[in-house]
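Summary of the model geometry
Chain residues, written in single-letter form:
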Amino acid sequence: MATLKDVARLAGVSVKTVSNVVNGYSFVKPDNRRRVEEALEATGYRPNLGARNLRRGRTGFIALVLPELSIPYFAELAGLVIAAAQEHEWNVLIEQTFGTLAGERSALAALGPHLVDAAILSPEALQVDDFQLPVPAVLLGEHAVDVPISRVGIDNVAAAQSAVRHLISLGHQRIAAIGAHPHRGTAALRLEGYRLALAEASLPFVDELVVPALNYHRADGAAAMRSLLDLRTPPDAVFCFNDLLAIGAMRAAAERLVRVPSDLAVVGFDNNEESVYSSPSLTSVAPDKAAIARAAVDLLHRRVESGESLENVETPFSLQVRESTVAR
């Protein structure tokens, strides 16, 4: 393997100059930088990241702590975080907690500066006292707990409002919600957005139209939809708190010969790939997952490199309207 000395000899500069170029320092003369970059390309030199991180007191890893990789939103987000981390020469260790308090506490207990430089967390059950973290961290999404840790996510209340407003604009008045959950901060915020959209349209909030979901899987959405269809007056539309719940709800409606969208309009949340290819395709709230991943990793990098203080980043979302609400 080529060494710094090999590169320096070919470029006709000092080893220190080659090191400055490799480490991204800006004070190298343009002509020297060009010669070094050409020599790097010619020799195929690759820096020893392990040695570099050791000198800098870094591990070269960050942790990504997520509830469930079987949920497409988190799987897609993990891939985007890995891509963003590579830009900062970080590798990513992924921990799955299943959204339980025990799982999340176990994941946090394993974190430490001997293992990772920083962590991106998407907790669902942690309490305020649990956030005694040994490394810099960023939280994904909005949560019920208020802790002094940087956060990245969308405005879940506004996103839910946009989904329900869309249903109201189509003339629906008996709109159900699937996904209420006592311990998920995002669920509470989406329920609040649902409630606000109904109120601004002078539509009543009806308790029997709000169905909880212990897990956010297809089976939970199907079970919730069946209970709604068993009501004396079933809903004419349903807002589901993630796409898997919505896919399950549409399956249950089809089993009862309820047509989507002519008999029942359905909106999901997350805009995963399945929403595009389901039949009918699913209208869904689309968080900018790439922006979330980039912002979270960039925040971590600034914290690790310069110790920047608390910062919250709100990322954009859109409503992707498809066949489950508007027949084509």
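To start, this report covers the structure provided alongside it. (Residues numbered from 1 in each chain as written. Predicted model: local features only at pLDDT ≥ 70, side-chain atom pairs only at ≥ 80, totals over all residues. Heavy atoms only, no water.)

Each helix and strand counted, the protein has twelve helices and twelve strands in total. Dimensions of the protein along its principal axes, counting C-alpha atoms only, are 85 × 45 × 30 Å. Looking at the protein as a whole, 51% of its 328 residues are labelled buried. Counting contacts in the protein only where the partners sit at least 6 residues apart, residues at least 24 apart contribute 68% of the total. Surface accessibility of the protein: about 15600 Å² in total, with carbon and sulfur atoms responsible for 52%. (Helix = DSSP H or I, 4+ residues; strand = E, 2+ residues; numbered from the N terminus. Buried < 20%, exposed > 50% of the residue type's maximum accessible area, 1.4 Å probe, protein only. Contact = heavy atoms within 4.5 Å. Areas by Shrake-Rupley, 256 points an atom, 1.4 Å probe, with all protein chains shown as cover.)

In the contact formed by helix α1 (residues 4-11) and helix α3 (residues 30-43), the axes pass within 9 Å of each other and the chain directions differ by 125°. When the axes of α1 and α3 are compared, the pair comes out oblique. Between α1 and α3 lies a crossing whose hand is right-handed. On α3, the residues touching V7, L10 and A11 of α1 are R35, V36, A39, L40, A42 and T43. Its residues assigned to classes, the contact of α1 with α3 shows seven nonpolar, one polar and one charged. (Axes fitted to C-alpha atoms, helices over the stretch in contact; angles between N-to-C directions. Parallel < 35°, antiparallel > 145°, perpendicular 65-115°, else oblique. Left-handed = near helix turned anticlockwise from the far one by under 90°. Nonpolar A, V, L, I, M, F, W, Y, C, P; charged D, E, K, R; others polar.)

Reading across the sheet, the six strands line up as β7-β6-β8-β9-β10-β12 and stay open at both edges, with mixed pairing between neighbours. If you trace the sheet from one side to the other, it starts and ends with β7 (210-212) and β12 (317-320), each paired once. Averaged over all adjacent pairs, the angle separating strand axes in this sheet is 15°, with direction ignored. Relative to strand β9 (residues 265-269), strand β8 (residues 237-240) is paired through three bridges, and the arrangement is parallel. The partner of F239 across the bridge, within β9, is V267. Packed onto the sheet, helix α8 (residues 185-200) meets β6 (175-180), β7, β8 and β9 and runs at close to 165° relative to β6. Here helix α9 (residues 218-229) sits on the sheet in contact with β6, β7 and β8, set at roughly 145° to β6. (Pairing = 2+ DSSP bridges.)

The six strands are arranged β2-β1-β3-β4-β5-β11 in an open sheet whose pairing can be described as parallel. Strands at the two margins of the open sheet, each flanked by one partner only, are β2 (91-96) and β11 (312-314). Put simply, the sheet's adjacent strands are angled 20° from each other on average, direction ignored. Where strand β3 (residues 118-121) and strand β4 (residues 137-140) come together, three bridges link them in parallel fashion. Bridge pairing in β4 places A119 opposite A137. Helix α12 (residues 289-306) rests against β1 (61-66), β3, β4, β5 (150-153) and β11 of the sheet, and its axis sits at about 160° to β4.

Packing of helix α7 (residues 156-169) against α8 brings their axes to within 7 Å, and their N-to-C directions diverge by 40°. For the element pair α7 / α8, the angle class is oblique. Helix-helix and strand crossings are classified by hand; for α7 and α8 the assignment is right-handed. Where α7 approaches α8, its residues N156, V157, A160, Q161, V164, R165 and I168 are matched on the opposing element by T186, L189, R190, E192, G193, Y194, L196, A197, L198 and E200. Classifying every residue of the contact of α7 with α8 gives nine nonpolar, four polar and four charged.

Burial of β8 is two-sided: the residues A237 and F239 facing one way and the residues V238 and C240 facing the other way are all buried. In this fold, the crossover linking β8 to β9 by way of helix α10 (residues 243-255) has right-handed handedness. (Right-handed = clockwise from strand over helix to strand, strands pointing away.)

One ladder, built from six bridges, connects β1 with β2; its direction is parallel. Its bridge partner lying in β2, I62 is registered against V92. Each parallel crossover has a hand, and the one from β1 via helix α5 (residues 72-86) to β2 is right-handed.

Below, the discussion takes up the nonpolar core. Core analysis: the largest hydrophobic core is formed by 75 residues, its most contacted members being Y194 and F239. Residues lining this core come from more than one domain, with at least three contributed by each of domain 2 (59-154 + 289-317) and domain 3 (156-287). Those residues within four positions of Y194 in sequence are excluded, and the remaining contacts are A160, V164, I175, A176, A177, F205, L209, V210 and F239. In this structure, A63, L111, L121 and A137 belong to the second largest nonpolar core, which totals 15 residues. (Core = buried A, V, L, I, M, F, W, Y, C linked by side-chain atoms within 4.5 Å. Domains from an automatic or database assignment.)

Okay, the pattern of salt bridges next. Scanning the entire structure with this criterion turns up 15 salt bridges. The residue D130 makes a salt bridge to R105 at a minimum N-O spacing of 2.9 Å. Of this pair, D130 sits in the loop between β3 and β4 while R105 sits in helix α6 (residues 101-110); the two residues are 25 residues apart in sequence, bridging distant segments of the chain. Under the relative-accessibility criterion, D130 is labelled buried at 17%. Residue classification places R105 among the partly exposed residues on the basis of a relative accessible area of 41%. Close ionic contact of R259 with D263 constitutes a salt bridge, the shortest N to O distance being 3.0 Å. Ionic contacts of the salt-bridge type, sharing partners, join the residues D31, R34, R35 and E38 into one network. (Salt bridge = Lys/Arg side-chain N within 4 Å of Asp/Glu carboxyl O.)

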